[in-house]
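Listed below are the residues making up each chain.
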Amino acid sequence: MSAGHAGPAATLAARVRRLEGLLEQRGLVDAGELDRALEAFLARASPANGARLAARAWLDEGFRARLLADANAALPELGLSMRGGMQEQRLKVVQNTELQHNVIVCTLCSCYPLALLGPSPTWYKSPAYRSRVVRDPRAVLREFGFVLDPAVQINVWDASAESRYMVLPRRPAGTENLDEQALAALVTRNGLIGVAPV
Amino acid sequence: MTELFRPGDQVRASRADPPHHTRLPQYARGATGTIVEHQGCHPLPDRRARHLPAGPEPVYAVRFAARDLFGDGDHTVTLDLWESYLCPAPAEETR
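Here we summarise the structure given alongside this text. (Residues numbered from 1 in each chain as written. Chains lettered and ligands numbered in written order. Predicted model: local features only at pLDDT ≥ 70, side-chain atom pairs only at ≥ 80, totals over all residues.)

### Notes on the nonpolar core
- With 62 residues, the main nonpolar core has Ala54, Ile104, Val105, Val156 and Met166 of chain A together with Val62 and Leu81 of chain B as its most contacted residues.
- The dominant element in this core, judged by the number of residues it contributes, is helix α3 (residues 47–59) of chain A, at six residues.
- Residues in contact with Met166 of chain A, not counting those within four places in the same chain, are Gly50, Leu91, Val93, Pro113, Leu116, Leu117 and Leu192 of chain A. (Core = buried A, V, L, I, M, F, W, Y, C linked by C-beta atoms within 7 Å. Buried ≥ 20, exposed ≤ 12 C-beta atoms within 10 Å, placed from the backbone. Helix = DSSP H or I, 4+ residues; strand = E, 2+ residues; numbered from the N terminus. Contact = placed C-beta atoms within 7 Å.)

Below, the structure written as structure tokens:
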């Protein structure tokens, strides 16, 4: 767990700095190249990306089916990818329905689809959220102000290995006349994690 | 690589509490769940963390009922688990 930069995290940070220094010293990367790569990645990483995916999926049944079946193959249709890091990460999109609600967590650390949701909120990384949402998701959602119908089944997805998850929220009622851009504006980061209705 | 398990198979997570890094969360140890899907093959982190040779092995999404993990609750929890963490569930535990 990386609660602060002390102990193992500090050791790891020192190792990363040393490795970076060696790479620069041996001419394998330019000074500042890694910082520029990170900045460029973070500049593109935003929950607006996840929101665009949700809006398109609501409007286009074919896209929704492709997104749910193989999200990595569907992302390029909107100019997106999970290739921002060192290797492409598998993305799984899980769809909320009238009877099923999905919530994502990483109980072991803080795995999260950064490219589509932007940097993760502090609470997502907190031991309280990580330990409690698997144990009593309904109570945790209530604390977010989201009271779910007791008839709705909750499935929590713990990203404990190599896949990353994103929730496809339900399209809100009364939005039949909205276009894709207006629909995307309704989608929140918390909705894409599953702790808000949309 | 051949997968040992298919979607719908009942599996039990290892009860072991290893002294080294692992990505089998404690709350799922010893619990019986159902394979949802195969997610591809990746080296076992338990071996990689110890700088031991680790070839790719299947990783699965495995769904557990909350009552099987915690004794109560009406939700499910789906975890991503390496094949080494799993064995076929004994017949008496299969439902």
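### What to know about the interface of chain A and chain B
- Every contact between the two is made by 18 residues of chain A and, on the other side, 17 residues of chain B.
- With six residues, strand β3 (residues 153–158) of chain A is the single largest residue contributor to the side of chain A that touches chain B.
- For the side of chain A that touches chain B, a count of residues per class yields eight nonpolar, five polar and five charged.
- Sheet topology note: the β3 of chain A/strand β4 (residues 76–82) of chain B ladder contains four bridges and is parallel. Following the sheet pairing, Val156 of chain A is matched in β4 of chain B by Val77 of chain B. (Nonpolar A, V, L, I, M, F, W, Y, C, P; charged D, E, K, R; others polar. Pairing = 2+ DSSP bridges.)

### Some remarks on the environment of Pro58 of chain B
All names here are of chain B.
- Here Pro58 shows up in strand β3 (residues 56–65).
- Assessed through the 19 C-beta atoms surrounding it within 10 Å, Pro58 is described here as partly exposed.
- Leaving out residues up to four positions away in the same chain, Pro58 has contacts with Met1, Glu3, His38, Cys41 and Glu83.

### Brief notes about the sheet that holds β3 of chain A
- Taken together, seven strands build an open sheet; the order of strands is β2(A)-β3(A)-β4(B)-β3(B)-β2(B)-β1(B)-β5(B) and the sheet is mixed. Strand pairing shows two members of the sheet lacking a second neighbour, β2 (100–105) of chain A together with β5 (86–88) of chain B, which therefore form its edges. Between one strand axis and the next, the sheet turns by 35° as a mean value, whatever way the strands run.
- With seven bridges joining them, β3 of chain B and β4 of chain B adopt antiparallel strand pairing. Across the sheet, residue Ala61 of chain B finds its bridge partner in β4 of chain B, namely Asp80 of chain B.
- Against the sheet, helix α8 (residues 127–135) of chain A touches β2 and β3 of chain A together with β4 of chain B, its axis set at about 150° to β2 of chain A. (Axes fitted to C-alpha atoms, helices over the stretch in contact; angles between N-to-C directions.)

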